[in-house]
Amino acid sequence: MVCWALRRVGQVRARLARRDSGVCRGHEHQPLGPRPAPGAWGSTVELLGKSYPQDDYSNLTRKVLSKVGRNLHNQPLHPLWLLKERVKQHFYARYTGRAGTPLFSVYDDLSPVVTTWQNFDSLLIPADHPSRKKGDNYYLNATHMLRAHTSAHQWDLLRAGLDAFLVVGDVYRRDQIDAQHYPVFHQLEAVRLFSRHQLFAGIKDGENLQLFEQSSRSAHKQETHTLEATKLVEFDLKQTLTQLMTHIFGDGLDIRWVDCYFPFTHPSFEMEINFHGEWLEVLGCGVMEQQLVNSAGAQDRIGWAFGLGLERVAMILYDIPDIRLFWSEDERFLKQFRVQDINQKVTFQPLSKYPAVINDISFWLPRENYTENDFYDLVRTIGGDLVEKVDLIDKFEHPKTHRTSHCYRITYRHMERTLSQKEVGGIHQAVQEAAVRQLGVEGRFGTCSYTGLPGPSCSQAFVLFPQDLSPVSLCDPLSLLWVLALLPKVGPPTRGTGGRPAPDFFMGVKKENNEEEKKKEKVIPEMAGTLHLGTDDSASGSVVTSTRAIATPAGGPAPPSQSRDRGATLRAETTRPRTGPGSSGRRGAELELEAPPL
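Conventions and cut-offs
Residues numbered from 1 in each chain as written. Predicted model: local features only at pLDDT ≥ 70, side-chain atom pairs only at ≥ 80, totals over all residues. Heavy atoms only, no water. Helix = DSSP H or I, 4+ residues; strand = E, 2+ residues; numbered from the N terminus. Buried < 20%, exposed > 50% of the residue type's maximum accessible area, 1.4 Å probe, protein only. Contact = heavy atoms within 4.5 Å. Areas by Shrake-Rupley, 256 points an atom, 1.4 Å probe, with all protein chains shown as cover. Core = buried A, V, L, I, M, F, W, Y, C linked by side-chain atoms within 4.5 Å. Expected span 1.5 Å × (residues − 1). Axes fitted to C-alpha atoms, helices over the stretch in contact; angles between N-to-C directions. Parallel < 35°, antiparallel > 145°, perpendicular 65-115°, else oblique. Left-handed = near helix turned anticlockwise from the far one by under 90°. Pairing = 2+ DSSP bridges. Polar contact = N/O pair within 3.5 Å; in protein donor to acceptor, adjacent residues only side chain to side chain. Salt bridge = Lys/Arg side-chain N within 4 Å of Asp/Glu carboxyl O.

A. Structural context of the overall build of the chain. A tally of helices and strands in the chain yields 15 helices and 22 strands. For the chain, the proportion of its 598 residues judged to be buried stands at 50%. Residue pairs at least 24 apart in sequence account for 63% of intrachain contacts in the chain once pairs closer than 6 positions are excluded. Accessible surface, the chain as shown: approximately 28300 Å² in total, 50% of it carbon and sulfur.

Given below as C-alpha cells:
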C-alpha cells in the first residue's frame, strides 16, 4: 500500500511537471540582461528557462521578474518557511491514510507561470470579472501570466486524481504600496474531497443520506448538494481550520466566521481571529463549486478548499510590522528565526527605524487608460524597497477643463540605513520623468498647485519636519506653502498664555488634549502670489504663533499664468509671543528664498 501510494504521487508529479512550465526546486531566476523592456511589442521575455512573446497584454516589470524563483517559502529558517513547515507538520500528524501515510500531499515547487485559463476559467471566474483586469495582474502575454493565487493549480491536481493536497507558492498581484501589501507574496492552499462513504461514515442512518440532489441554490447550499452534505463539509472545514489556527497561535483563540463571496466556492467564508484585542481576517474558504469538481473528473465527490496568505499570518504571529522585511537579507532580521524547533515562540525585535524622507508628486491624468496600480507599479519599479508607502492624498477636477489631477505622497525609508534627500531626490525625479513618459500624465512638478508660482519642491520642506509629527501636503491650498520649513527651527511655544500648556500648532493642524482636531485657517490670496497663514489659541483669543509668507513674482504682481516664466521671491517671517506678562511678540525667524523661472 505504501509503495503504491508513493508511486501514485510520483506519477502525479511527473504529469504536472510535463504540463507545467518546468521550474524545479532551487531554480534561480537568471538575470535578464539587455533585452527589450517587458511589454515591448514583438519582444520576448525569458523566465524560468522559457521564452514568452510579448503583446499588448504584457505588463511585467523587471522588479517583479527579479523576484521569480526566490521561493522564500522554501528557504530554510526563513519566517515563511517556518510557518509553512508548521502547517505541514500539523496536517501530517493529524490526517493520515489507512496505512499511516499522510493523507495530504504537499506541492511547494510548482511554477508560478500559468495560463489565463488555469488562473481564471478553471475556477469559474467570469470573463468580465474585475479580477481579470490588467491593472490587477501581471501578464506575460494574453495567454500566460504569473499566478494571482495558488488556486490556479486546483483543477490540474484534481484532474490528476488527488483528493487531499496542499499547494504553497509565490503569487503576484498589482496592488497599493504600504506596510501590508507587496507585489509578490505567498499563499498556502488546501483542498479535500469526500466520497459519500467518507462523509457519512459514523453518522446515524448515514447509509440513507445522499451527497447530491437537484434543487434550487440558496444562501446555504448549491443547487446540486443536499443540505446534509453541505453542512457536514462546512463543519469539517471549520473544524480543520480552527484546529490549524490553534496549533499556530495556541489555545484560547477567539475565532469568528464572516459570510463572503468567491466564484469557486459556495457557501464561502472568511475566518477572523481576535489577536491582541483586534479582529483580523486571516483566510478565505468554502464548499467547492460542484461544477469545478465535476469538470476535473471527480463527479462522485464533494469537497472544501481554503487559502491563506503566509505573510499575513506570519506578520501577526511574529509581530513583523512591514511586509518588505520578508525580502530583507539583513542578518539582524534573519538570525531571529534561526531556531532549533519550528514551533519555538519567536517575537520579532524591531530593527532601528531610520527616518523617512517624504516627497509629493502631482500630475494631470491622461484622458483614458490610467489606473492607480499603474502608478504604484512604476514607483515600485524605480524606487524598489526604498518605498515604504504611497498615499493618494488629493484629487482635483478642474472646473473648466474637467481634467483630473492626482497628488500622491511617497514615503521613502531604507530598512538598514538613513537616506539622504539628495539620494531620494534622484529617485523621485526618475519617478516624475517615468510617469510622464510611460503613463502619459502631465506633470505639475515644482509649482504651487494653488497659485501656479514656482517654488522649492515639497520634499525639501518635508525632510526638515520632526518624525513624530504628521506632515501636511505643501500642495494643499490650506497649507502654508514654502515657509513651513521654518517651523521646526522656530518651534511652537512651550507655554501658552496664562501659564498653562499651549496646544501644539504644526502646519495649521491643532492638537489639544491628545485629541487631534484639525483646524486650518483660510489661506487668503491678497494678490497674485501672496499667501498668509495664522494659528491662534482659540481659548484665549491671543496669537500663539503667526507665520506670514509673501511670494512676489519677479517684477511685481502678475497673473499666475505669467509668474511661471518670471520666477519669484519668497520672504517669510515667524512671530512668537514672549512668555512674560504684558510682553509683546518677538520675531523668531526670518527667511528669504529665491525661486528661478521654470
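B. Main features of the nonpolar core. Counting residues in each nonpolar core, the largest one holds 76 residues, and the members touching the most others are L146, M245, F249 and F306. Per-element tally for this core: the top contributor is helix α7 (residues 227-249), with eight residues. Discounting residues that sit within four places of it in the chain, L146 has contacts with L47, L60, V64, V68, P112, V113, Y138, L140 and Y172.

C. Fine view of helix α3 (residues 79-94). Along its 16 residues, α3 runs 23 Å from first to last C-alpha, staying within 8% of the 22 Å computed at 1.5 Å per residue. With 12 of 16 residues buried, α3 is to be regarded as a mostly interior element. Of all the positions in α3, only P79, L80, W81, L82, L83, K84, E85, R86, V87, K88, H90 and F91 are classed as buried.

D. Geometry of the packing of helix α11 (residues 372-383) against helix α12 (residues 421-439). In contact at an axis separation of 10 Å, α11 and α12 are set at 140 degrees when each is read in the N-to-C sense. Between α11 and α12, the angle is such that the two are oblique. Between α11 and α12 the crossing geometry is right-handed. Counting all contacts with α11, which are made through D374, F375, L378, V379, I382 and G383, the residues of α12 involved are I427, A430, V431, A434, A435, Q438 and L439.

E. Spatial organisation of the pairing of strand β8 (residues 254-262). Two elements, β8 and strand β9 (residues 265-275), share eight bridges in a ladder whose sense is antiparallel. Across the sheet, V258 pairs through a bridge with E270, a residue of β9. As consecutive antiparallel partners, β8 and β9 are separated by two residues.

F. Looking closely at helix α9 (residues 310-318). Where burial is concerned, most of α9 is hidden: eight out of the nine residues are buried. One or two residues past the end of α9 sits D319, with phi positive at roughly 60 degrees.

G. Structural detail: the sheet that holds strand β15 (residues 442-443). Pairing is antiparallel in the open sheet, where four strands are placed in the order β13-β14-β12-β15. Two strands close off the open sheet at either side, each with one partner strand: β13 (387-397) and β15. Pairing between strand β12 (residues 357-364) and β15: two bridges, direction antiparallel. Note that in β15 the partner of W364 across the bridge is E442. This element, α11, spans β12, β13 and β14 (404-412) of the sheet and lies at about 145 degrees to β13.

H. Structural context of the pairing of strand β6 (residues 164-172). Of all nine residues that make up β6, nine are buried, and the element is covered over most of its length. For strand β3 (residues 105-107) and β6, the ladder comprises three bridges, and the chain directions are parallel. Paired with Y107 across the bridge in β6 is V167. In terms of strand pairing, β6 meets strand β7 (residues 184-194) through nine bridges, oriented antiparallel.

I. Spatial organisation of the environment of S268. With respect to the helices and strands, the residue S268 is situated in strand β9. What makes S268 buried here is its relative accessible area of 4%. For the pair formed by S268 and A219, sequence separation is 49 residues and the distance between their alpha carbons is 9.6 Å. Non-local contacts of S268, meaning those with residues more than four positions away in its chain, are made with V258, D259, C260, Y261, F262, C285 and G286. A polar side-chain atom of S268 sits 2.5 Å from a polar atom in the side chain of T265.

J. Region of the structure containing the side chain of D322. Within the element layout of this structure, D322 appears in the loop between α9 and α10 (331-334). Apart from the residues within four sequence positions on either side, D322 is in contact with A179, M315, E388 and M415.

K. Representation of unusual backbone geometry. With omega at -5 degrees, the peptide bond leading from H266 into P267 counts as cis. Considering the arrangement of structural elements, one finds P267 in strand β9. Within the chain, L77 stands out as a residue other than glycine whose phi angle is a positive 70 degrees. We classify L77 as partly exposed; its relative accessible area is 30%.

L. Up close: the pattern of salt bridges. Using the criterion set out here, one finds 27 salt bridges in the structure. For E213, the salt bridge is made with K221, and the minimal N-O distance between the two is 3.3 Å. Relative accessible area serves as the criterion here: at 8%, K221 is assigned to the buried category. Overlapping salt bridges bring together K84, E85, K88 and D108 as one network.

M. Expanded view of the sheet that holds β9. Across the sheet, which stays open at both edges, the seven strands sit in the order β3-β6-β7-β11-β10-β9-β8 with mixed pairing between neighbours. The two strands at the open ends of the sheet, each matched to only one other strand, are β3 and β8. Direction aside, the axes of adjacent strands within the sheet are offset by 25 degrees on average.

N. Broad picture of the environment of T44. For T44, the location among the structural elements is in strand β1 (residues 44-47). Judged by its relative accessible area of 37%, T44 falls in the partly exposed class. A sequence separation of 97 residues divides T44 from N141, and the C-alpha atoms of the two residues are 9.7 Å apart. Setting aside residues no more than four positions away along its own chain, T44 makes contact with Y52, P53 and Q54.

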